[in-house]
Amino acid sequence: MLRQGVSCLSISTGAVYDTEWGPDKWNPDYRTNRRVVVATGTSPCKAECPAHIGIQGYIKLASQGRYTEALELIKHENPFPAVCGRICSRQCESACTRGDVDEPVAIDDIKKFIAEQDFNKDNRYVPEVKHHYGNKIAIIGGGPSGLSCAFYLALDGYKVTVFEKQKALGGMLTFGIPAFRLEKDVVNAEINILKELGVEFKTGVEVGKDVSLNDLRGQGFEAFYLAIGAQIGRKLGIKGENAAGVINGVDFLRKANFNEEFKLEGPTLVIGGGNVAIDVARSARRISVLQVNMYCLESRKEMPALEEEIDETLSEGIVIHNSWGPDRILTENGRVTGVEFKKCISVYENGKFNPNFDENEKRIVKADNILLSVGQAIEWGNLLVDSKIALNPNKTIKADPDTYQTDEPDVFAGGDVLTGPKFAIDAIAMGKKGAISIHRYVHPGQSLTIGRTKRDYRPLDKANLVLEGYDRLPRQKAIQRDTKIFKESFVDSRGTFTEEQVKKETERCLGCGATVVDEYLCVGCGVCTTKCKFDAISLVRKYDAEGVELRKIKPAVIRHAIKRKVRIAVKKPLKFIESILSGERN
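Since we're looking at a predicted model, the values are computed, not measured. (Residues numbered from 1 in each chain as written. Predicted model: local features only at pLDDT ≥ 70, side-chain atom pairs only at ≥ 80, totals over all residues. Heavy atoms only, no water.)

(A) Unusual backbone geometry, seen in detail. Located in the positive-phi region is Arg90, a residue other than glycine, with phi close to 60°. With respect to the helices, strands and loops of the structure, Arg90 is situated in the loop between α4 (81-87) and α5 (91-95). If you check the backbone angles, Asp386 has positive phi at about 65° while not being a glycine. Within the secondary structure, Asp386 is located in the loop between β16 (376-377) and β17 (411-413). For Asp386, a relative accessible area of 71% corresponds to the exposed category. (Helix = DSSP H or I, 4+ residues; strand = E, 2+ residues; numbered from the N terminus. Buried < 20%, exposed > 50% of the residue type's maximum accessible area, 1.4 Å probe, protein only.)

This is how it looks when you write it as structure tokens:
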């Protein structure tokens, strides 16, 4: 049965340890392989979250109305809770144990509510700067990963400067995600906290063109974090895609987000089935005078876009045509007239992307605008000129997977340039990890690996859980604003939980992060319970015993050691006999 409660840890002491210690009981690589692993596993939401946020903790704090403390706990791992509360991929909810009972806890909606409380305050929560090191650090790219790295370096008191080639900050948060999913005021409000922490921003500056890495070194910058993102769209490589009327999805979103007069005349086709393609189609629907249709290789079940976003797309009157791939773009006098599609039989082969088509089943669809959203690519420009930094065949950067350090020791990288296109929360998590590496690098004598904890979380084993008897509290749903109005605008129609809804939804959390710490290593001092400001740890008395006075410790230890050795010696033949008897029975 799952144990409910506030505690993340339940510590017990006093049991007799009579196991002989050998090489299997210690980790010879402890200096470079310190892993955060609880033997029994941790809450699935925390394990699944790329940033490993203490989700169970902030849900418990929110249930008690301690919203500022909940926000503080979130910002230990994620400086952008308001952003992620609107656009996160919700991997935590996919793993939520409550989903095995009825529906997952609405984790992101709770996080969104917590962030909203901060927005409504006269004085917003700004974390306290811990140190004042003063070393100059340059962040190249003002997207989620670069901003995250800047946030955590600023908390340590570094002089951080973010260089962004666009005129506005936020990267794809600003230029790639439509305002009806993420209003720009929200992005700017989160970035303002970085400004209050002393981060300097230089927009409209392209490193590699306006200034080089060597120039910045000459200005006293001691380390760099490259996070320019995957900012250009991929092409299809088919006939006609350079014709007038063919627009890359990323470029289209940039125009649609910042050009109120930008319109699409005539029928529009969106090619692609991912989340970006969904954003492109829904944006096109708002600025197009005629019908918008989507065509993608994947079947409805295979579409990589999130299910709820697909549903929202369909509700807006956009038609999705599954299992069709473009064969060629039709043109006349250099302008698009339509697309010839062929039937896609399968998209993957042995788990790899390798679409197969029925060449005998084709269709021609007329269109005046083709919006391509089939993936994103990285454009390095001259950023890496005269450097030793190497790239992979897909143009991602080569860097140490644990430290993010490149072949230039003072240059680190993260976000999409390291992994390829992923979700914002992945980029944010890498930003913090990059900040830890840079913090270690700029201090002489520090190692990037020794003593560094690897956050290797794993979820608790759900195989033997007994989930009968739990309540059936329904999942709360935020009240939508009038969708008929908002379907025609770029204003976010999604509402935010009321405080009453938050109280009801936080009650649904099963508190499944509770576990038992190794009782033989804990000495029961209780300091951990006083140091944890979030009340996440509780100390439970299991054995009623008192410690030994200092002057009596040596005799007590000797007696304990002798008794322990005797017990081990007695148990050895017993275990040997048991093994023989067990072998005979088998």
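Having seen it, we continue.
(B) Just the side chain of Ser283, in detail. Structurally, the position occupied by Ser283 is in helix α12 (residues 275-287). Residue Ser283 is classed as buried on the basis of its relative accessible area, which comes to 1%. Residue contacts for Ser283: discarding those within four places in its chain leaves Pro178, Phe180, Phe252, Leu253 and Phe490. (Contact = heavy atoms within 4.5 Å.)

(C) Spotlight on a nonpolar patch on the surface. Taken together, Val548, Leu550, Ile553 and Val557 make up a surface patch of nonpolar side chains, about 380 Å² in accessible area. In this fold, Leu550 is placed in the loop between β20 (537-539) and α19 (553-585). By relative accessible area, which is 74% here, Leu550 ends up exposed. (Patch = residues over 30% accessible without salt bridge, like charges linked within 9 Å, V, L, I, M, F, W, Y side chains within 5 Å. Areas by Shrake-Rupley, 256 points an atom, 1.4 Å probe, with all protein chains shown as cover. Salt bridge = Lys/Arg side-chain N within 4 Å of Asp/Glu carboxyl O.)

(D) Molecular detail of the sheet that holds strand β11 (residues 319-322). Spatial ordering of the open sheet is given by β8-β15-β9-β10-β11, a layout of five strands whose pairing is parallel. With one partner strand each, in any of the chains shown, β8 (246-248) and β11 form the two edges of the open sheet. Each strand axis lies, on average, 20° off the axis of its neighbour in the sheet, ignoring direction. Inspection of the sheet shows strand β9 (residues 268-271) paired to strand β15 (residues 369-372) by four bridges, in the parallel sense. Each residue of the ladder has a partner; that of Leu269, found in β15, is Ile370. On top of the sheet, α12 reaches β9, β10 (292-296) and β15; it is set at about 165° to β10, its chief contact. (Pairing = 2+ DSSP bridges. Axes fitted to C-alpha atoms, helices over the stretch in contact; angles between N-to-C directions.)

(E) Layout of the side chain of Glu116. Looking at the element boundaries, Glu116 is found in helix α6 (residues 107-119). Residue classification places Glu116 among the buried residues on the basis of a relative accessible area of 16%. Beyond its immediate stretch of four places on either side in the chain, Glu116 contacts Arg86 and Thr496.

(F) A look at helix α11 (residues 249-258). Listing the buried residues of α11 in full gives Gly249, Val250, Phe252, Leu253, Ala256 and Asn257. The arc enclosing the buried residues of α11, seen along the axis, measures out at 155°, which places them on a common side. A distance of 3.0 Å separates the backbone nitrogen of Val250 from a side-chain oxygen at the start of α11, and that oxygen is part of Asn248. (Arc of directions from axis to C-beta. Polar contact = N/O pair within 3.5 Å; in protein donor to acceptor, adjacent residues only side chain to side chain.)

(G) Summary view of the pairing of strand β12 (residues 324-332). Direction of pairing for β12 relative to strand β13 (residues 335-349): antiparallel, over a ladder of eight bridges. Residue pairing for β13: Glu332 is matched across the bridge by Arg335. In this structure, the hairpin formed by β12 and β13 is closed by a connection of two residues, where Asn333 is found at a positive phi of approximately 55°.

(H) Representation of empty space enclosed by the protein in the model. Inspection of every chain in the model, using the stated rule, returns two cavities of 30 Å³ or more. Reported here for the largest cavity is a volume of approximately 110 Å³. The wall of the largest cavity is formed by 15 residues, among which Cys45, Cys96, Cys509, Leu510 and Cys512 lie closest to the centre. Broken down by secondary-structure element, the contributors of at least two residues to the lining of the largest cavity are α1 (44-48) and α2 (55-63). Here the lining of the largest cavity is built from residues that sort into nine nonpolar, five polar and one charged. Of the voids in this model, the second largest cavity is the one considered here, and its volume is about 60 Å³. Lining the second largest cavity, in full, are Cys49, Pro50, Ile53, Ile55, Tyr58, Cys88, Gln91, Cys92, Lys111 and Ile425. (1 Å grid on protein atoms, 1.4 Å probe; cavity = no way out; pocket = protein on both sides within 12 Å on 5 of 7 lines; lining within 4 Å. Points joined across faces, edges and corners; volume = space filled by probe spheres on them. Nonpolar A, V, L, I, M, F, W, Y, C, P; charged D, E, K, R; others polar.)

(I) Region of interest: the nonpolar core. One finds Ile55, Tyr58, Ile139, Leu153, Leu216, Leu226 and Ile438 to be the most contacted residues of the largest nonpolar core, which totals 97 residues. With eight residues, helix α7 (residues 144-155) is the largest single contributor of residues to this core. Aside from chain neighbours lying at most four places away, what touches Ile55 is Cys45, Lys46, Cys49, Cys92 and Ile107. (Core = buried A, V, L, I, M, F, W, Y, C linked by side-chain atoms within 4.5 Å.)

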